[in-house]
Structure formats: structure tokens, C-alpha cells
Amino acid sequence: MASGHGIPRVSGAIHDHSQEAQDKVRKQIDQYQTVERDVVQRIRTNDFSNDTLQLTSVLLKQNPEYYTVWNHRRRIFLDVFEKEVSSKGAVLDSGPSPTDQKDAEAAEKAGLTVSQREIQLIVNEDLMFLLPLLKQFPKCYWIWNHRAWLLATVSKHLPVSNALEQWQNELGLVAKMLALDSRNFHGWGYRREVVTNLETLSGQSMAEQEFAYATKMIQANLSNFSAWHARSQLIPRLLSERNASSADRKKLFDEEFDLITRALYTDPYDQSLWFYHQYLMSTLDSSNKNSPEILKPCTNAERIEYLEQELDSVMEMLDGAEDCKYIYQALLEYTSRYLEIGSGKTKVTTIEMNEWLNALRKIDPLREGRWKDLEQKMNL
Amino acid sequence: MSLAAGPGRGRVADGQLPDDLKLVVDKHVAYIKSLDTRRDELEYHLTEHLRVSGIYWGLTALHLLGQPDALPRAGVLDFVFSCLHENGGFGAAPGHDPHMLYTVSAVQILAMLNGFEELETKVPDGKMKIAKFISKLQQPDGTFAGDEWGETDTRFLYGAFNALSLLGLMPYQRPNDAPLIDVSAGTAHVKACQNFDGGFGLSPGAESHSGQVFTCLGILAIAGELDSHLGEEGKDRLGAWLSERQLESGGLNGRPEKLVDACYSWWVGSSMTMINRLHWLDQPRLTKFILECQDPDEGGIADRPGDMVDVFHTVFGIAGLSLMGYDGLLEVDPA
Ligand SMILES: [Zn+2]
């Protein structure tokens, strides 16, 4: 079964059964279907005019999930772009006019050909059309999809410097969207896409800049899970681009532990903070094939040293937070790794492990099946 | 099959005790059957871009409820065929452009209704035509685009594998013919979407999400690489992440710190079934949550108690119950 929401959260039911209300709905349906039929008919007969474009706007404002209409919109633009590139002139404008001379001058001033400038104007106008829609339907996949297509068009037809500027503006827009909803999946995904495009166009990495952005987002709200995730993704890249020595790597690793430990002491009940702690700890886990690399090389002695350090630190967090399940989970998880690689070390006793597990079972009975399996796995 | 929400809301009937909650099977059947009669609502028309998927959801729910014939088979098949394009792809409704999502729904409906014979009569070599529409959407990096406009997504990759296996045209199902798609390039991409926490994201680098976990596990399962890729350690790690999706209400969320939603009963539950960790969820509590999302009077299931019901949450709520072996429901295939 394919995943996907996209079901309107509004009721379709007619609560008002009066003749008047029913007539009103009937009229709305007729209006919608008239525009819909008109668009379909026009596209079928290759009428890629400005009028057709306006009609798609009417439909999409009412129903941005209508993917076929987005396709029609792109068909109209492609037709215009093709004519522009083969310099037959735009069809969206009405015939030759005294503005031709002005257009040529404006294009020259912008360092573009007339057709490039025309494409830029069209794209910008459509990006503007999308803005209010994005605000109203921030989770509509097809709007983001269309935006990415418009920007890709810019990359394809315009000089690199113009394309860069356009994508740079886009980064500003995503920042605004994420400021409104810092967990928007499409927003973060789109941000990665924008950054990738900027990096490809400029040939320059943006890892440092993006790392700073993630830091800023975390400072604004410590429990921003998505921002911690973004940070975790950037660190390995950052280190390799900095050509970091093993000492540099260790320094950053220690700083990250400082940062997250301070945050955890403030709020050990915050799941997103534990996510980041687990991320750092996973870099010490050679059995996890998805764990990223921070320390390089990473010796067993170092693994044991960090595991001991963090076990101590997490144990201290228990003080005053004895009902915090994440602490016990972390203690058990890190201990099991510690015992695996630090054989012979007796920092943690079986009694302690049993205590942690019992506490966990009491606090978190929802996951009893998991704790039972864990008990067996750890031979408790 | 209307995809508009409502009219009812998920709630517990007045005076009913939590332990007395029961799936109102007949009412859900009636609710789904009523969905096609709601053409007098604007939302019926505004959701046409989902129609064929809506029919698949409705049909699946009816199958699980033990009423597979509640919708007229011939009528459904006619509608599905009317969505088929020359290039082998299906749109969501007649006149809508072909897209992977709706092609997959159409193939799923044909498989469920044993309609492939009718397809071949109507369109000679129809199965192969559909398979070629799908295989042409595969990109050099193993991913699949949704349509000619090129956006890729692990949902489309899962859809491609799922539909081709239902058509019997996955490479392993016809070892003597040239493969239509590159399976290992696809699974390599899926593996690149996995995070250190054991979960999978929408693309490499994206945070883990239960919906993506489901599609990625489904892909690996169809390709026969699930056990070898994850191993017991990997299943423990992913199982732990998935089990944390259950909250006090008994319901499941899609990723950390998000609201619970009945449809995740399916995405999370089936994922946990695929890795043999379903017992890491509190199943009685989850069952209770799903039942609290149903409208006990008019049928249908909502995402959360108090919200309006719709066919999407109805099928995935019921599928979740079926995974947990709810009495009287047919067993569902987790992938
Ligand atoms: Zn849902």
C-alpha cells in the first residue's frame, strides 16, 4: 500500500440540508467543473496561451493537489520557453510592441539575452504565484515539486550567476518557512535540495554555512529534532572538508559532548536531545554500519574511554530524574556495548543493570515486550 | 469512492466502557459503500486526483472486513481501465495524467480482483505495457521518478517493486528474460537512505520517518534482502526506534515528537511485523486507540479521536487491527 496523506481535513458533508445550501454547493461544483473542462479542452488542442495559464491558476488556488493541472502549467511554460529559445518571441505577450526596444535594453543591462530575461520574468512571476499557496498549504507535495521544477529551469536556461542568485533567494524562503514550522519535512528536504543545487552551480561546499544554520536553529529551540538531525549529517562532511587532524576531530567530538550534556542536564526528558547523544555514541559503534565517522582513527581504548565517561555522566543525570526512561535506556544500551568491547572491565555490575531494567519496566510498561527481549539478550 | 472526510467523527459511543469497544464491521462496510454516492459534495470533485487510490483503499478495507464483493467488480474494473493511458501508465481518474502512484493502485486493484485476464483482453500485452511504463521511470541511480516530470522518491521505488511483483514481472520472477529494472541499484539507494538510528528517510541524509521505514523495508523484502541487510542487530535498532513511536494514548506517531495518527498503526505495525518485533508494541493499547478513532454510529475511522473519518484512515486503521490478529478480520500481508 503506497503511503501518502493529502486527504483534505475539511468535511465534505453538507450539514445544511436546505434547498438554498444545496443549490449553492451545486453551483460551486458547476463552476469548478466548467473551469476544469475548459483547461482540459484547451490543453488537448495545444492552446498554451496566457488565458489557459490563468485558468490553471484558478484551479490550483482552489485545489493545489491536482497534479495533472501542475503538469499542464509546465506544458504551457515549456511551450513558451521553447519559442523563446528559438527566438520566435513570447506568446504570453500580445504581439510586437514598442516595449520590444525596452526589453532588449533591460536584458542587456541584466547581462541576459532577451529570451533569457523573458524566462526569468516568467519563472519569477510563477514563484510569486506559489508563495501564498505554500503559506496556505505548506505540506502539499506538488507545490514544492513545482517550485523545484521552476528553479531547475533557471539553472538550465540562465547564466550561472543568475541561477545562483535565484537559488540563493530560495534559501531565504526556506529559512522563512522553517522559522514558521521548524519540523516541516518538505521544508528540510527542500532545503537540502536547494543547498545541493547551490553547491553544484558554485562548485563550493556549503557545509560550514549549513552547520552554522543548524546551530542557530538549535539555539533558538533546543528540542528541534530536525535541526539536530541536520547537524548530525553535516559533521562528517565538515571534518573531511576541513582536512581535520585526529586532534581536531577529538576536539570537535568533545565539544559536541559538552554541548549535548549541558542540554541534557537541563532537560533529560527531551527525546531530541537523546537522539543527538545516541548519534555521538553511535560513532563509537563499529557494529552499526550506518554510524558516521568522527574520531579517526578510533581505537578500542578510545571507545572504552568515551563509554566510561558517558556512562558516568548519564548516571549522574539520574539524580532528580529517577523517573526518566531515556536515562535507563541509554545506560543499558551503552553498557551492553561497553561490555562487548571492554571485556574484563567491571565498571557496571549486573545488579545495577537489573535495577535499571526494572525501573524501565515500571516507567515504560508500553514496551514490555522489548524489555523482556532485552533482558534475555543481556543475560540478566 | 469519495475521499472527502466526514461526515462522522471518531469517538467513543456515549456510556461505552473502554473494554467494551468493538469494531463496528457492518457500519464500516456501509460507510465505504456510501462513499460513491457523495457526488453532490464539492470535496468529492476536489479529490478526484486520488480516485483510483481511494478505490483501492476502500476495496482493501472491504476485503479485510470479509466483504470483498460489496463493491461491483465490473464497475470497478471499468473505472480502472478508463484511467489507463497509451503508454501503460494509469492516472488517478479519466483524463488525469499517468503517474506511478496511481499505476500502482490500479495494479493492486487488478491483482485483488483477479482482473489481469480482462486487462489482457482489453489491451493485448497489457501487463507488459504497464511494466514498461514503470521500468522507464527508473533513473541511473536506481531511484524511480513518479512521472515524466522527474521527481524521485522512495515511495515510487517501493511502488515500482510492488507493482512489478504483482504483475509477475520482477527479474527474479522471469529469470530467463532480460531484467526490466535494476533491482540492486534500487536496493543500494534504499540502504543509503538508512540512518544511524536504524530508521530510513525520504532520501540519503533525511531524518527517519515511519512511512519511509515501511516503504524501504517493503523494497528490501520484495528484493529478498531484508534479513541479510539488517541482521538481528539492525532489527533491534530499528525495532527500538519504531517501538518509541507508541505514545501513552496507545496510538503511534510518524516520527519523534509528532502527534499520534491511526494510519501509523499500519506503517509502523507492518514494519515491525516485517522485522518480527510487533510484540514490542502494546497491542491491546493500540487496538483500543484505533477503536476510539472509529465513528460508532456511521462507520469510518479518523486519524485521531475527535477528528473526521475518511477512507484512508479507515483502511489503515483496519489493516493495523488485522496485523494484530483482531477477531473476524482477514489477515493482511505486511509488505
Ligand atoms: Zn494519517
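This one's a predicted model, so the numbers in the text were calculated from it and none came from an experiment.

Caption draft 1: Broad picture of the overall build of chain A. Secondary structure assignment for chain A yields 16 helices and 0 strands. Expected size for 380 residues packed as a compact globule is a radius of gyration near 21 Å; at 28 Å, chain A overshoots this value by more than 25%. For chain A, the spread of C-alpha atoms along the three principal axes comes to 85 × 65 × 35 Å. Looking at chain A as a whole, 50% of its 380 residues are labelled buried. Across chain A, contacts joining residues at least 24 apart in sequence account for 63% of those joining residues at least 6 apart. Carbon and sulfur atoms provide 51% of the accessible area of chain A, an area that totals close to 18300 Å². One finds the centroid of the 45 positive side-chain charges in chain A at a distance of 3 Å from the centroid of its 54 negative side-chain charges.

Caption draft 2: Local environment of the overall build of chain B. Counting secondary structure elements, chain B contains 14 helices and 2 strands. Compactness check: chain B gives a C-alpha radius of gyration of 20 Å against a globular reference of 20 Å for 335 residues, within 12% of the reference. Its C-alpha atoms put chain B at 60 × 50 × 30 Å along the principal axes. Classification of the 335 residues of chain B by burial places 66% in the buried group. Taking the intrachain contacts of chain B between residues at least 6 apart in sequence as the baseline, contacts between residues at least 24 apart amount to 68%. For chain B, the exposed area adds up to about 11400 Å²; of that, 51% sits on carbon and sulfur atoms.

Caption draft 3: Spatial organisation of the interface of chain B and chain A. Contacts between the two partners involve 84 residues from chain B and, on the opposite side, 68 residues from chain A. Contact between chain B and chain A buries roughly 6500 Å² in total, counting both sides, with carbon and sulfur atoms accounting for 53%. Among the residues of chain B in contact with chain A, W149, F196 and E207 of chain B are the three that bury the most area, contributing 13% of the side total. The interface formed by chain B and chain A contains 7 salt bridges. Viewed at the interface, chain A and chain B are joined by 27 residue pairs in polar contact (both at pLDDT 80 or more). Taken together, the elements giving at least two residues each to the side of chain B that touches chain A come down to helix 2 (42-46), helix 3 (51-64), helix 5 (100-112), helix 8 (154-167), helix 11 (226-243), helix 12 (264-274) and helix 14 (311-323) of chain B. Top contributing element to the side of chain B that touches chain A by residue count: helix 11 of chain B, with 7 residues.

Caption draft 4: Here's a closer look at the packing of helix 7 (residues 160-180) of chain A against helix 8 (residues 185-202) of chain A. All names here are of chain A. At a minimum axis distance of 9 Å, the contact between helix 7 and helix 8 shows a crossing angle of 160°. Taken as axis vectors, helix 7 and helix 8 run roughly antiparallel relative to one another. Classified by chirality, the crossing of helix 8 by helix 7 is left-handed. Residues V160, A163, L164, W167, Q168, E170, L171, V174, A175 and L178 of helix 7 touch helix 8, and the partners they reach there are G187, W188, Y190, R191, V194, V195, N197, L198, L201 and S202.

Caption draft 5: Main features of the domain arrangement of chain A. Per the domain assignment, the segments making up chain A are domain 1 (1-10 + 17-158) and domain 2 (244-380). Here the C-alpha centre of domain 2 of chain A lies 52 Å away from the C-alpha centre of domain 1 of chain A.

Caption draft 6: Highlighting the UniProt feature "domain: Prenyltransferase alpha-alpha toroid" (unreviewed entry) in chain B. Under the present numbering, the feature "domain: Prenyltransferase alpha-alpha toroid" (unreviewed entry) in UniProt falls on residues 24-334 of chain B. Its end C-alpha atoms 23 Å apart, residues 24-334 of chain B is made of 51% helix and 1% strand.

Caption draft 7: Summary view of helix 11 of chain B. The end-to-end C-alpha distance of helix 11 of chain B, which contains 18 residues, comes to just 19 Å, noticeably less than the 26 Å that a straight helix rising 1.5 Å per residue would cover. G234 of chain B marks the point of greatest bend in helix 11 of chain B, at about 70°.

Caption draft 8: Geometry of the pattern of salt bridges. For the structure on display, the rule yields 48 salt bridges over all chains. Its salt-bridge partner being E241 of chain A, residue R237 of chain A comes within 3.1 Å of it at the nearest N-O pair. Here R237 of chain A pairs with E241 of chain A, and both are found in helix 10 (residues 225-241), just 4 residues apart, close to one helical turn. On the accessibility criterion, R237 of chain A (33% relative accessible area) is partly exposed. Through salt bridges with shared partners, a single ionic network connects D285, E333, R337 and K377 of chain A together with D227, E232, E233, K235, D236, R237 and R277 of chain B.

Caption draft 9: Here's a closer look at helix 12 of chain B. Residues and elements named next belong to chain B. The buried fraction of helix 12 amounts to 10 of the 11 residues, a majority that puts the element mostly inside the structure. Along helix 12, the positions that sit buried rather than exposed are Y264, S265, W266, W267, V268, G269, S270, S271, M272 and M274. Contacts made by the buried residues of helix 12 are with helix 10 (210-222), helix 11, helix 13 (283-292) and helix 14.

Caption draft 10: Representation of the packing of helix 12 (residues 271-282) of chain A against helix 13 (residues 300-317) of chain A within the structure. All names here are of chain A. One can describe the packing of helix 12 onto helix 13 by two numbers: an axis separation of 12 Å at closest approach and a directional angle of 160°. As the angle between them shows, helix 12 and helix 13 are arranged roughly antiparallel. Taken as a pair, helix 12 and helix 13 cross one another with a handedness that is left-handed. On the side of helix 12, the interface is formed by W274, H277 and M281, while helix 13 contributes L307, E310, V314 and M317. Of the residues assigned to the contact of helix 12 with helix 13, the class counts are 5 nonpolar, 1 polar and 1 charged.

Caption draft 11: Representation of the packing of aromatic side chains within the structure. Across all of its chains, the model carries 23 aromatic pairs over all chains by this definition. On the basis of an interplanar angle of 50° and a centroid distance of 5.3 Å, the ring pair of F275 of chain A and F196 of chain B is categorised as tilted. Here F275 of chain A is found in helix 12, whereas its partner F196 of chain B is found in the loop between helix 9 (183-192) and helix 10 on a different chain. As far as burial versus exposure is concerned, F275 of chain A and F196 of chain B are alike and both buried. Here the aromatic rings of F214 of chain B and W266 of chain B are separated by 5.8 Å at their centres, their planes lie at 55°, and the arrangement is tilted. Residue F214 of chain B is located in helix 10, and its partner W266 of chain B is located in helix 12; the two are separated by 52 residues in the primary sequence.

Caption draft 12: Structural detail: the side chain of R303 of chain A. Residues and elements named next belong to chain A. Topologically, R303 is positioned in helix 13. Although R303 lies buried, it forms no salt bridge, and the closest oppositely charged side chain, D285, sits 7.0 Å away as judged by the N-O distance. For R303, the residues in contact, after removing those within four places along its chain, are L284, S286, C298 and I341.

Caption draft 13: Looking closely at unusual backbone geometry. Here the residue pair K296 of chain A and P297 of chain A is connected by a cis peptide bond, since its omega of 0° sits within 30 degrees of zero. The residue P297 of chain A is located in the loop between helix 12 and helix 13 in this model. The linkage connecting G6 of chain B with the following residue, P7 of chain B, adopts the cis geometry, with an omega of 5°. Within the secondary structure layout, P7 of chain B lies in the segment before helix 1 (25-34). In the Ramachandran plot, N379 of chain A falls in the positive-phi region, its phi being about 55° despite a non-glycine side chain. With respect to the element layout, N379 of chain A can be found in the segment after helix 16 (368-377).

Caption draft 14: Structural context of the state of the cysteines. In total, this model carries 0 disulfides over all chains according to the counting rule given. Free of any disulfide, C293 of chain B has its nearest cysteine sulfur in C263 of chain B, 10 Å distant.

Caption draft 15: Summary view of the nonpolar core. Grouped together as the largest cluster of nonpolar side chains are 221 residues, with contacts concentrated most on I327 of chain A together with I109, I134, F144, F161 and L217 of chain B. Here this core gets 9 residues from one element, more than from any other, and that element is helix 6 (residues 141-157) of chain A. Structurally, this core is a two-domain feature, drawing no fewer than three residues from each of domain 1 (1-10 + 17-158) and domain 2 (244-380) of chain A. Filtering out sequence-adjacent residues up to four positions away, I109 of chain B remains in contact with V52, I55, Y56, L59, V76 and V80 of chain B.

Caption draft 16: Inspection of the confidence of the model for chain B at higher detail. Residues and elements named next belong to chain B. Of the residues in chain B, 100% have a pLDDT of 70 or more, and the chain-wide mean is 95. When mean pLDDT is compared element by element in chain B, helix 7 (residues 126-136) scores highest at 98, while helix 2 scores lowest at 90. In the model output, the complex is listed with pTM 0.93 alongside ipTM 0.94.

How each quantity is defined
- Residues numbered from 1 in each chain as written.
- Chains lettered and ligands numbered in written order.
- Predicted model: local features only at pLDDT ≥ 70, side-chain atom pairs only at ≥ 80, totals over all residues.
- Heavy atoms only, no water.
- Helix = DSSP H or I, 4+ residues; strand = E, 2+ residues; numbered from the N terminus.
- Rg over C-alpha atoms; globule rule 2.2 N^0.38 Å.
- Buried < 20%, exposed > 50% of the residue type's maximum accessible area, 1.4 Å probe, protein only.
- Contact = heavy atoms within 4.5 Å.
- Areas by Shrake-Rupley, 256 points an atom, 1.4 Å probe, with all protein chains shown as cover.
- Lys, Arg positive; Asp, Glu negative; His and termini not counted.
- Charge placed at Lys NZ, Arg CZ, Asp CG, Glu CD.
- Buried area = accessible area lost by both parts, 1.4 Å probe.
- Salt bridge = Lys/Arg side-chain N within 4 Å of Asp/Glu carboxyl O.
- Polar contact = N/O pair within 3.5 Å; in protein donor to acceptor, adjacent residues only side chain to side chain.
- Axes fitted to C-alpha atoms, helices over the stretch in contact; angles between N-to-C directions.
- Parallel < 35°, antiparallel > 145°, perpendicular 65-115°, else oblique.
- Left-handed = near helix turned anticlockwise from the far one by under 90°.
- Domains from an automatic or database assignment.
- UniProt positions renumbered as here; feature names shortened; annotations may be inferred.
- Expected span 1.5 Å × (residues − 1).
- Bend = angle between axes of the 7 residues up to and from the residue.
- Nonpolar A, V, L, I, M, F, W, Y, C, P; charged D, E, K, R; others polar.
- Phe/Tyr/Trp six-rings, centres within 6.5 Å; stacked < 30°, edge-to-face > 60°.
- Disulfide = S-S within 2.5 Å.
- Core = buried A, V, L, I, M, F, W, Y, C linked by side-chain atoms within 4.5 Å.
- pLDDT = per-residue confidence, 0-100.

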